[in-house]
Amino acid sequence: MDKQDIANIRKQFKVDNDLLKIHDIFNVYIMKESSDIYHHQSMPFEMLEEEQKELFMDNFKKVLSGQLDEKLFELKFQRDVENNSQLILHQGILSNDTEEWKELMLQLVEKMLKDKQYDMDIVVTFIRGEYMKPMKNMSEEIEENERDTVYAHPFILCSMNKTQDPKKELLFDYVEKAFKYNIVVDPIINLKAPISGFLFPTITDNAADVNHVLYTAGKKNKPNYHFIEEVLNAEEIMTAAQDKLVFEEIVKNVAGDQTINTSTLSNVYDEIHRVVEENEEEDRPKLDYKDIEQVLTSSGIEDVNSEKVESAFKTVVDDERYEFKANNIVPKYHSKSIKIETKIANIAISPQDLRYVRQVHFGGKRYLMMEVEENTVIEGFEMIPEALVQKAPENGQ
């Protein structure tokens, strides 16, 4: 799935939308002390009150929100796994029996609880429904309404949400004219920040892919590997942050003792961005070791060759065929995405402007120097340029 596929589905999650039909909702309450199922309840989604529907719709949209490889991950199912979740989910999609569907979802919940202790009560919500996408008219001569012909995509979505204790509040009773302590013992289900979730199957270019599942992490670049491997039975993944770290290590390995200054690093980012632009038809272009060799050579790093780059791949990731997603290893190009943090100031600049920043030594001290085209104004005061000169030693001293 690409970001457009995900956006197309996410925007359908709204009440009274004829392009999205949610048939059933199934809530499972899990106790933190025992990791037992305390209660579960299933009902047709249409039986919920309007306010409840709105809350859940917002929750489901959050499950489908975030950047790919940061919060959202398209996972490939492992093969030859006993009681594999791919089969359970596929059976759930095909089942017309609500009781059978509930039993299949409870099998997934049991996998969530195995060897896992939560530090708060958890509510797991499953829905199954159908997402419909109108086909685009192939010719202006066709007068048929575009919604008369649609792609229909059955799906299962799961959302995991933590609970929190109710707030202790002091209330004023207008009738009795008295201050009262509000006592509420029921836990609050936090639907505003799902801690995990998934969508099955993935949908790419109007085609369902039952070999993949879209997983949602609770926090950026912090996927739950137990959930991925033991619950979903999916293959290992690399986050965007990990991808970037691997790339940096490979560059250092290839460069060796060479100094990577800001100008060279800016050239590297320019080259990767050029690759992204040249492959604009691809949502997420990839770079293999041959592409990395070309990027580093064009960026001005000396003595780069295929053998050295391939060896660096083997050393760092133990796989010379590894491919980087270009968008993961270059900061957002048209925003101030590079953060320079020092003890006295934090600076944000864009990748293409990195070449205008230098770290220099002067008078035995280190300075951060930035090239600017105009005088700098601070709090309304224009700064007068100061010449950086050193006094020549007298009498040869």
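This structure is a prediction, so every number in the text was calculated from the model and none was measured.

## Notes on helix α6 (residues 240-255)
Taking 1.5 Å of rise per residue, 16 residues should cover 22 Å, and α6 covers 23 Å from first to last C-alpha, within 8% of that figure. Among all positions in α6, only Ala 240, Asp 243, Val 246, Phe 247, Ile 250, Val 251, Val 254 and Ala 255 are buried. Down the axis of α6, the buried side of the element spans an arc of 165 degrees, and every buried residue falls inside it. Exposed residues pointing more than 90 degrees away from the buried face of α6 are listed as Leu 245 and Lys 252.

## Remarks on the domain arrangement of the protein chain
Here the protein chain is partitioned into domain 1 (3-135 + 149-237) and domain 2 (241-329). Centre-to-centre, using C-alpha coordinates, domain 1 lies 37 Å away from domain 2. Contacts between the two partners involve six residues from domain 1, matched on the other side by six residues from domain 2. In terms of surface lost to domain 2, no three residues of domain 1 exceed Leu 68, Asp 69 and Asn 221, which account for 67% of the buried area on that side. The tally of links from domain 1 across to domain 2 stands at one salt bridge. Put simply, domain 1 and domain 2 have four residue pairs in polar contact (both at pLDDT 80 or more) between them. Partitioned by chemical class, the residues of the side of domain 1 that touches domain 2 number three nonpolar, one polar and two charged.

## Some thoughts on a nonpolar patch on the surface
Together, Leu 170, Phe 172, Tyr 174, Phe 179 and Tyr 181 give the surface a local cluster of nonpolar side chains, amounting to about 690 Å² of exposed area. Among the elements of the structure, β6 (169-173) and β7 (178-182) are those that each provide at least two residues to the nonpolar patch. Structurally, Leu 170 can be placed in strand β6.

## So, the packing of helix α7 (residues 262-278) against helix α8 (residues 289-298)
At a minimum axis distance of 8 Å, the contact between α7 and α8 shows a crossing angle of 135 degrees. As far as their axial angle goes, α8 and α7 are oblique. The way α7 lies across α8 gives a crossing that is right-handed. For the pair formed by α7 and α8, the contact residues are Val 268, Glu 271 and Ile 272 on the first element and Val 295, Leu 296 and Ser 298 on the second.

## Some words on the environment of Met 383
By secondary structure assignment, the location of Met 383 is in the segment after β20 (381-382). On the accessibility criterion, Met 383 (36% relative accessible area) is partly exposed. Sequence separation between Met 383 and Lys 111 is 272 residues, and the spatial gap between their C-alpha atoms is 64 Å. When near neighbours in sequence (up to four residues on either side) are disregarded, Met 383 contacts Asn 375, Thr 376 and Ile 378.

## Observations concerning the environment of Asp 353
Structurally, Asp 353 can be placed in the loop between β16 (346-349) and β17 (357-362). Owing to a relative accessible area of 31%, Asp 353 belongs among the partly exposed residues under this scheme. Remark: the alpha-carbon pair of Asp 353 and Ser 263, spanning 90 residues in sequence, is separated by 9.1 Å.

## A short note on the pattern of salt bridges
For the structure shown, the criterion picks out 14 salt bridges. Among the salt bridges present, the one from Lys 61 reaches Asp 58, with a minimum N-O distance of 3.8 Å. On the criterion of helical spacing, the pair formed by Lys 61 and Asp 58 is a turn pair, its members being three residues apart in helix α2 (residues 50-63). As a salt-bridge pair, Arg 274 and Glu 271 come within 2.8 Å of each other at their nearest N and O atoms. You can see Arg 274 and its partner Glu 271 sitting in helix α7, three residues apart, about one turn around the helix.

What counts and how
Residues numbered from 1 in each chain as written. Predicted model: local features only at pLDDT ≥ 70, side-chain atom pairs only at ≥ 80, totals over all residues. Heavy atoms only, no water. Helix = DSSP H or I, 4+ residues; strand = E, 2+ residues; numbered from the N terminus. Expected span 1.5 Å × (residues − 1). Buried < 20%, exposed > 50% of the residue type's maximum accessible area, 1.4 Å probe, protein only. Arc of directions from axis to C-beta. Domains from an automatic or database assignment. Contact = heavy atoms within 4.5 Å. Buried area = accessible area lost by both parts, 1.4 Å probe. Salt bridge = Lys/Arg side-chain N within 4 Å of Asp/Glu carboxyl O. Polar contact = N/O pair within 3.5 Å; in protein donor to acceptor, adjacent residues only side chain to side chain. Nonpolar A, V, L, I, M, F, W, Y, C, P; charged D, E, K, R; others polar. Patch = residues over 30% accessible without salt bridge, like charges linked within 9 Å, V, L, I, M, F, W, Y side chains within 5 Å. Areas by Shrake-Rupley, 256 points an atom, 1.4 Å probe, with all protein chains shown as cover. Axes fitted to C-alpha atoms, helices over the stretch in contact; angles between N-to-C directions. Parallel < 35°, antiparallel > 145°, perpendicular 65-115°, else oblique. Left-handed = near helix turned anticlockwise from the far one by under 90°.

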